[in-house]
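Take a look at the letters that make up each chain.
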Amino acid sequence: MIRILLTSSGSLVSQNILDVLSYAGFSRRALVDIVGVNSLADSPSNFACDRCHAVPSATSSEFRDRLTTILNMEAPDLILCGR
């Protein structure tokens, strides 16, 4: 199984990535473990991830440290930038 970390998991780009992975008849969703990170906790696409971590806004001084912690904890095989 491939672990994908998806930044800004609530964005339209991320939603499209999640939709493609789950596309009926060509689904690859069962082959990936999706970890989302997003600063907006109530974004609907967050719930399509296997796990989702809340992060401060990317413009915040705390963002880098929080993302580094998540990267070390989750050890993704691939990072896809949703924004």
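Residues numbered from 1 in each chain as written. Predicted model: local features only at pLDDT ≥ 70, side-chain atom pairs only at ≥ 80, totals over all residues. Heavy atoms only, no water.

Lay out the packing of aromatic side chains in plain terms, naming residues and giving numbers.
Overall, the coordinates contain zero aromatic pairs when judged by the stated rule. For the cation-ring pair, R28 lies above F26, with the distance from its terminal atom to the ring centre recorded as 4.5 Å. (Phe/Tyr/Trp six-rings, centres within 6.5 Å; stacked < 30°, edge-to-face > 60°. Lys NZ or Arg CZ within 6 Å of the ring centre and 35° of its normal.)

Please give an account of the pairing of strand 2 (residues 32–38) that cites residues and values.
Along strand 2, seven of the seven residues are buried, which leaves the element largely enclosed by surrounding structure. Burial along strand 2 is two-sided: the face carrying V32, I34, G36 and N38 and the face carrying D33, V35 and V37 are both buried. Across six bridges, the pairing between strand 1 (residues 2–7) and strand 2 is parallel. Each bridged residue has a counterpart across the sheet, and for R3 the counterpart in strand 2 is D33. Taking the sense of rotation as the criterion, the β-α-β connection linking strand 1, helix 1 (residues 12–21) and strand 2 turns out right-handed. Pairing analysis gives four bridges linking strand 2 to strand 3 (residues 51–54), with the strands arranged parallel. By the bridge assignment, G36 is partnered in strand 3 with C52. (Buried < 20%, exposed > 50% of the residue type's maximum accessible area, 1.4 Å probe, protein only. Helix = DSSP H or I, 4+ residues; strand = E, 2+ residues; numbered from the N terminus. Pairing = 2+ DSSP bridges. Right-handed = clockwise from strand over helix to strand, strands pointing away.)

Requested: an account of the pattern of salt bridges, with residues and values cited.
Summed over all chains, the structure comprises five salt bridges. A salt bridge links R51 to D33; the nearest nitrogen and oxygen atoms lie 2.7 Å apart. Here D33 lies in strand 2 and R51 lies in strand 3, a separation of 18 residues in the sequence. Here R51 falls in the partly exposed class, since its relative accessible area comes to 29%. The class of D33 is buried, set by a relative accessible area of 10%. Each of R3, D33, R51 and E74 takes part in salt bridges that share partners, so that together they form one network. (Salt bridge = Lys/Arg side-chain N within 4 Å of Asp/Glu carboxyl O.)

Scope: geometric values only; no functional claims are made or implied.
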